[in-house]
Every structure is written in C-alpha cells, then in structure tokens.
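# A closer look at the structure
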Amino acid sequence: MNYDSFSHGQIKSKIWLCQVLEKYLPAEPNVTILGCWYNVLSFMLLTRNPDKYVSLTGIDIDSTVIDIADKINDAFVVDGALVKNKLGDANAYDYSDSNLIINCSPEHMFSQKWFDNIPVGSVVCIQSSNVTDPNYPWLITNPSPTIESFKSKYMLTKTHFLGTLPIRYKNGQGYDRFMLIGIK
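Notes on the structure in this doc start here. No experiment lies behind these values; they were computed from the predicted model shown.

Rules of the game
- Residues numbered from 1 in each chain as written.
- Predicted model: local features only at pLDDT ≥ 70, side-chain atom pairs only at ≥ 80, totals over all residues.
- Heavy atoms only, no water.
- Helix = DSSP H or I, 4+ residues; strand = E, 2+ residues; numbered from the N terminus.
- Buried < 20%, exposed > 50% of the residue type's maximum accessible area, 1.4 Å probe, protein only.
- Contact = heavy atoms within 4.5 Å.
- Pairing = 2+ DSSP bridges.

Here N73 shows up in the loop between helix 3 (66-72) and helix 4 (74-78). Judged by its relative accessible area of 0%, N73 falls in the buried class. Among residues more than four places away in sequence, those in contact with N73 are Y38, N39, S42, F43, V83 and N85.

Our next topic: the pairing of strand 5 (residues 123-129). Judged by how many residues are buried, strand 5 sits mostly within the fold: 7 of 7 residues are covered. The alternating pattern of strand 5 places V123, C125, Q127 and S129 and V124, I126 and S128 on opposite faces, both of which are buried. With 4 bridges connecting them, strand 4 (residues 100-103) and strand 5 associate as parallel partners. Within strand 5, the residue paired with N103 across the bridge is I126. Sheet topology places strand 5 next to strand 7 (residues 174-183); 7 bridges connect them, and they run antiparallel. Across the sheet, V124 pairs through a bridge with G182, a residue of strand 7.

The next point concerns the environment of V65. For V65, the position within the fold is in the loop between strand 2 (55-60) and helix 3. For V65, a relative accessible area of 1% translates into the label buried. A C-alpha to C-alpha distance of 8.7 Å links V65 and N39, two positions 26 residues apart in sequence. Among residues more than four places away in sequence, those in contact with V65 are W37, Y38 and D60.

See the structure below:
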C-alpha cells in the first residue's frame, strides 16, 4: 500500500473538496469517483454525511488498489453497499447512472476522453495542481500550471466554484491545488 494517499496534501485537498462540494450536491447523489486510488474520498464523504448519498462508485485502472479501497470503506460496503470499488478505465466508463462525477487526478490521465463522456447536465468536481513534474513520485502526464489552464480544459455550462488551495510546508516548498465544481 502507498501511504501517500494519507499525506498532508492529499487529506487537506479532500477535506477542502468535502467542505465545498456539500453546498452543490445534486438531489440523491449517485457519485462516481475517477482514479479513486484507495477511495479515501468516499470514506471521508460518508463519514461527514452518511445519509446524503445514494451511492459512491470508485473507479481505478490499477487492480492492486481495489481490495484496499474495499477495506478502507468496509463499513459502508458491508452495512449498505453504499460504496462499490471497481477496476475500470475512466475513459471507457459509462456515467449514465451517475449525477455527480469527481476526478481528483486528471493530471495523471493521458486523455480527457473521460470528461467528454460525462453526460451534459451532470455535476462535476475536478481537482488538479500546478505541479508539472513527469518524474516519480509526481508522474504528471496532463499538467495544469495555472488555474486558467486548468479551467480551460473543462468547459462547463455553469461554474459553481473555482478556487485554489495553497499546500505549503515548513521548508517553504509546496504547490497549489485547484478545484472546479459546476454543471457540464
């Protein structure tokens, strides 16, 4: 298991997402989380508001993360099957059963076909960062060096929120996390 999924920047970004996204949830949210990794986000969303969601489906292309994602979300899988974690390619996924699509890792995806496949009228929440390093551990393949370049990749019919969260460390290092929420 890669414990970076619980790093300061990862958790701070997901708390920010939870706090802001809760204001814009569609009625009876059926959520799909792309590139879910260990699906810590489903755990956080349901811990904060266990009765707000109809379902949360995590999709990841890495087969090694699905069992761990199930274990992290065990209470929500066993008690009500609110969370399902699936092996799959976000670029080929059928979003017709979802009314909220979240992607916190578009900078790691080679294509934006996943966005093109989202039905018009869906609520979307996308996070990325200004990191552009293609080397390990960042592995950025689709960089957004500025919030303007980030926003221009994802054309929405209505923008509810566009913002930046500075992630800074005592050594002066850090990066900016971007988030866009709206209607496709």
